[in-house]
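Listed below, chain by chain, are the residues.
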Amino acid sequence: MSRPSYARYLSILTLVLLSCACLVCAFVYIVDPYNLYGVARRENFNAVKPGLERYQSQIKHEHALRLRPRFIILGNSRAEIGFDPRAAAFGAMQGAGYNMGIPGTGMATAISQFGRLTQAGIKPGTVIVGLEFIDFLKPAIAPPARAEAPSAHLPGFWRFDTLFSLASVKDAVKTPLIQHDRAAFTIEPSGLNPALDYGAHAVRDGYDKVFRHRAQKSAARFVTMSKTDFADGDFQSLHDFLLAMSATQADIKLVIYPYHAQMLTLFEGAGLWPLFEEWKQQVVQEVAGVKEKNPSASISVTDFSGFGPYNCEPIPTQQQRHASTRWYWEAGHFKKALGDIVMQRVMTHKGGAPDDGQFGMPLTSATLAANRDRIAAERRACEAAQPAMFALSKKLFEKSLERASIRR
């Protein structure tokens, strides 16, 4: 090949590669699987977006910047699946909020999300924070310290990667295919994960299997936790977070998640119940401490944990293969139907159903004792109604202890 022909070949090859790259970027840009560009939104084409499996914090932050929400919801997967910003409880603000919940994250992520929004000049009037007791637990044996590997990418690399990568092309191809898929993993424009995949899983395997699987995983994790100490620094982080939020004059609503009663029996079985009560007390103390420093701060704590009619929802048995639940996917995750009731209580402190007892009790130093009494009374009624659920939790921990004994 002569030199001119060789140069021409390279030029054409470069042009073809650049054209292909441009086509890929254009395809992802138009389909917009992460709802970042908004160039086209068509029913039956790309109106339904696939759920976020990467860059969740960055992408949700971009959504919030664009929406400039009047209220935000922070928390982990329980909040992301259960709390709908379009719930009727938000009244005139309905649809003016954004769910920034991210699965598997804790207080540090919530602090970062709120800080980045305020730095961008967005100061939501209402901030709803899902508080996770489990995040405050400390492993009984500290894992070996690992040096955090520095990120190999520049801070803005995610923008490039969500436009030009095999993963983004895969999500762009997936987007038109899930428009009518009622079992797809998706995310709504409000940030809510409608848990369509969760529902399909429950229908396929039955709720007994889903609850049992989650209970086994939780029991195995809880036996490894300290029964006496909390993780270092978490309450200080909560204190700093509350101070930062109250400085923006936001109405701060802390929500203790409505765990299913089975989850609470696992707390009991693992010996974590005294710590659970101490945790609530310390949360209340942190709130009181911030209010003392900032008397104008509006901060409330509402406890939705307990063994009441919602929390003690019967779990379909193995024989009830096609039976469903109304309030829970499994012990750790509640459905949007229950989340709507939680939001109703949090936003208005009224409007509950007549048979739901004291679901959602405001928590202060003055109500801690009454809250303990409430939960104890609910527990007696729940155990009488569902002895098999309590027996299963006991059995799970007996097996865990047996395995631990064999290992020793």
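Residues numbered from 1 in each chain as written. Predicted model: local features only at pLDDT ≥ 70, side-chain atom pairs only at ≥ 80, totals over all residues. Heavy atoms only, no water.

## A few points about the overall build of the protein chain
Now for step 1: Scanning the protein chain from N- to C-terminus turns up 14 helices and 12 strands.
Now for step 2: Relative to the compact-globule value of 22 Å for 408 residues, the protein chain shows a C-alpha radius of gyration of 24 Å, a close match.
Now for step 3: By the burial criterion, 47% of the 408 residues in the protein chain qualify as buried.
Now for step 4: Across the protein chain, every contact between residues at least 6 apart in sequence was considered, and the portion connecting residues at least 24 apart equals 79%. (Helix = DSSP H or I, 4+ residues; strand = E, 2+ residues; numbered from the N terminus. Rg over C-alpha atoms; globule rule 2.2 N^0.38 Å. Buried < 20%, exposed > 50% of the residue type's maximum accessible area, 1.4 Å probe, protein only. Contact = heavy atoms within 4.5 Å.)

## Quick notes on the pattern of salt bridges
Now for step 1: Inspection of every chain in the model, using the stated rule, returns 19 salt bridges.
Now for step 2: Between Arg86 and Glu188 there is a salt bridge, and its shortest N-O distance comes to 2.5 Å. One end of the pair, Arg86, is in the loop between α3 (77-82) and β3 (97-99); the other, Glu188, is in the loop between β6 (186-187) and α7 (196-205), with 102 residues separating them in the sequence. (Salt bridge = Lys/Arg side-chain N within 4 Å of Asp/Glu carboxyl O.)

## Focus: the state of the cysteines
Now for step 1: A complete count under the given rule lists 1 disulfide for this structure.
Now for step 2: Note on cysteine connectivity: Cys312 is disulfide-linked to Cys382, with sulfurs 2.0 Å apart. Because the sign of the S-S torsion sets the handedness, a value of about 85 degrees for the bond joining Cys312 and Cys382 places this disulfide among the right-handed ones. Here the residue Cys312 occupies a position in the loop between β9 (298-303) and β10 (328-330), and Cys382 occupies one in helix α13 (residues 368-385), the gap between them amounting to 70 residues. (Disulfide = S-S within 2.5 Å.)

## Looking at the nonpolar core
Now for step 1: One finds Phe133, Phe267 and Trp279 to be the most contacted residues of the largest nonpolar core, which totals 94 residues.
Now for step 2: Here the element with the most residues in this core is helix α11 (residues 273-293); it accounts for 8 residues.
Now for step 3: Among all residues touching Phe267, those that are not within four sequence positions of it are Phe133, Ile134, Phe222, Tyr259, Leu272, Trp273 and Phe276.
Now for step 4: Formed by 6 residues, the second largest nonpolar core is a distinct cluster that contains Tyr34, Leu36, Leu52 and Ile187. (Core = buried A, V, L, I, M, F, W, Y, C linked by side-chain atoms within 4.5 Å.)

## Examining the sheet that holds β3
Now for step 1: Across the sheet, which stays open at both edges, the 6 strands sit in the order β3-β2-β4-β8-β9-β12 with mixed pairing between neighbours. Pairing within the sheet leaves two strands with one partner each, and these edge strands are β3 and β12 (361-362).
Now for step 2: Judged from the 4 bridges that link them, strand β2 (residues 71-74) and strand β4 (residues 126-131) form a sheet pairing that is parallel. Note that in β4 the partner of Phe71 across the bridge is Thr126. (Pairing = 2+ DSSP bridges.)

## What to know about the side chain of Thr105
Now for step 1: Summarising the element assignment, Thr105 is placed in the loop between β3 and α4 (107-119).
Now for step 2: A polar contact of 2.7 Å, which involves the side chain of Thr105, links it to the backbone oxygen of Ile102. (Polar contact = N/O pair within 3.5 Å; in protein donor to acceptor, adjacent residues only side chain to side chain.)

## Overview of empty space enclosed by the protein
Now for step 1: Inspection of the entire model under this criterion finds 2 cavities of 30 Å³ or more.
Now for step 2: Taken as a whole, the largest cavity spans an internal volume of roughly 100 Å³.
Now for step 3: In terms of lining residues, the largest cavity is bounded by 13 residues, among which Gly75, Gly106, Met107, Gly130 and Asp135 are the most central.
Now for step 4: Within the residue set of the lining of the largest cavity, elements represented by two or more residues are α4 and β4.
Now for step 5: Its residues assigned to classes, the lining of the largest cavity shows 6 nonpolar, 5 polar and 2 charged.
Now for step 6: Every residue along the wall of the second largest cavity is listed here: Trp273, Glu277, Lys280, Leu363, Leu368, Asn371, Arg372 and Ile375.
Now for step 7: At the level of secondary structure, the elements contributing two or more residues to the lining of the second largest cavity comprise α11 and α13.
Now for step 8: For the lining of the second largest cavity, the leading source of residues is α13, giving 4 residues.
Now for step 9: Taken together, the residues that form the lining of the second largest cavity break down as 4 nonpolar, 1 polar and 3 charged. (1 Å grid on protein atoms, 1.4 Å probe; cavity = no way out; pocket = protein on both sides within 12 Å on 5 of 7 lines; lining within 4 Å. Points joined across faces, edges and corners; volume = space filled by probe spheres on them. Nonpolar A, V, L, I, M, F, W, Y, C, P; charged D, E, K, R; others polar.)

## Considering the layout of surface pockets
Now for step 1: Volume-wise, the largest pocket comes out at about 610 Å³.
Now for step 2: Forming the walls of the largest pocket are 28 residues, and the residues nearest its centre are Ser77, Arg78, Gly104, Arg214 and His333.
Now for step 3: Of all the secondary-structure elements, those providing two or more residues to the lining of the largest pocket are α3, α4, α7 and α8 (207-222).
Now for step 4: A breakdown of the residues in the lining of the largest pocket according to their chemical character gives 11 nonpolar, 9 polar and 8 charged.

## Observations concerning a nonpolar patch on the surface
Now for step 1: On the surface, Tyr6, Tyr9, Leu10, Leu13 and Leu17 cluster together into a nonpolar patch covering about 500 Å² of accessible area.
Now for step 2: Here Leu17 falls in the exposed class, since its relative accessible area comes to 54%. (Patch = residues over 30% accessible without salt bridge, like charges linked within 9 Å, V, L, I, M, F, W, Y side chains within 5 Å. Areas by Shrake-Rupley, 256 points an atom, 1.4 Å probe, with all protein chains shown as cover.)

## Focus on α11
Now for step 1: For α11, spanning 21 residues, the distance from its first C-alpha to its last is 31 Å, which sits close to the expected 30 Å at 1.5 Å a residue.
Now for step 2: When we look at burial in α11, the residues that qualify are Trp273, Leu275, Phe276, Trp279, Lys280, Val283, Val284, Glu286, Val287 and Val290. (Expected span 1.5 Å × (residues − 1).)

## Quick look at unusual backbone geometry
Now for step 1: A positive phi angle is found at Asp32, which is not glycine, with a value near 55 degrees.
Now for step 2: With respect to the element layout, Asp32 can be found in the loop between α1 (3-31) and β1 (49-50).
Now for step 3: Unusually for a residue other than glycine, Ala195 sits at a positive phi of about 60 degrees.
Now for step 4: Locating Ala195 in the fold gives a position in the loop between β6 and α7.

## Regarding the packing of aromatic side chains
Now for step 1: All told, the structure shown has 28 aromatic pairs when counted by the stated rule.
Now for step 2: Considering the side-chain rings of Phe307 and Phe390, the 6.0 Å spacing of their centres and the 20 degrees angle between planes classify their relative orientation as stacked. Of this pair, Phe307 sits in the loop between β9 and β10 while Phe390 sits in helix α14 (residues 387-407), placing them 83 residues apart in sequence.
Now for step 3: Assessed through its relative accessible area of 3%, Phe307 is described here as buried. (Phe/Tyr/Trp six-rings, centres within 6.5 Å; stacked < 30°, edge-to-face > 60°.)

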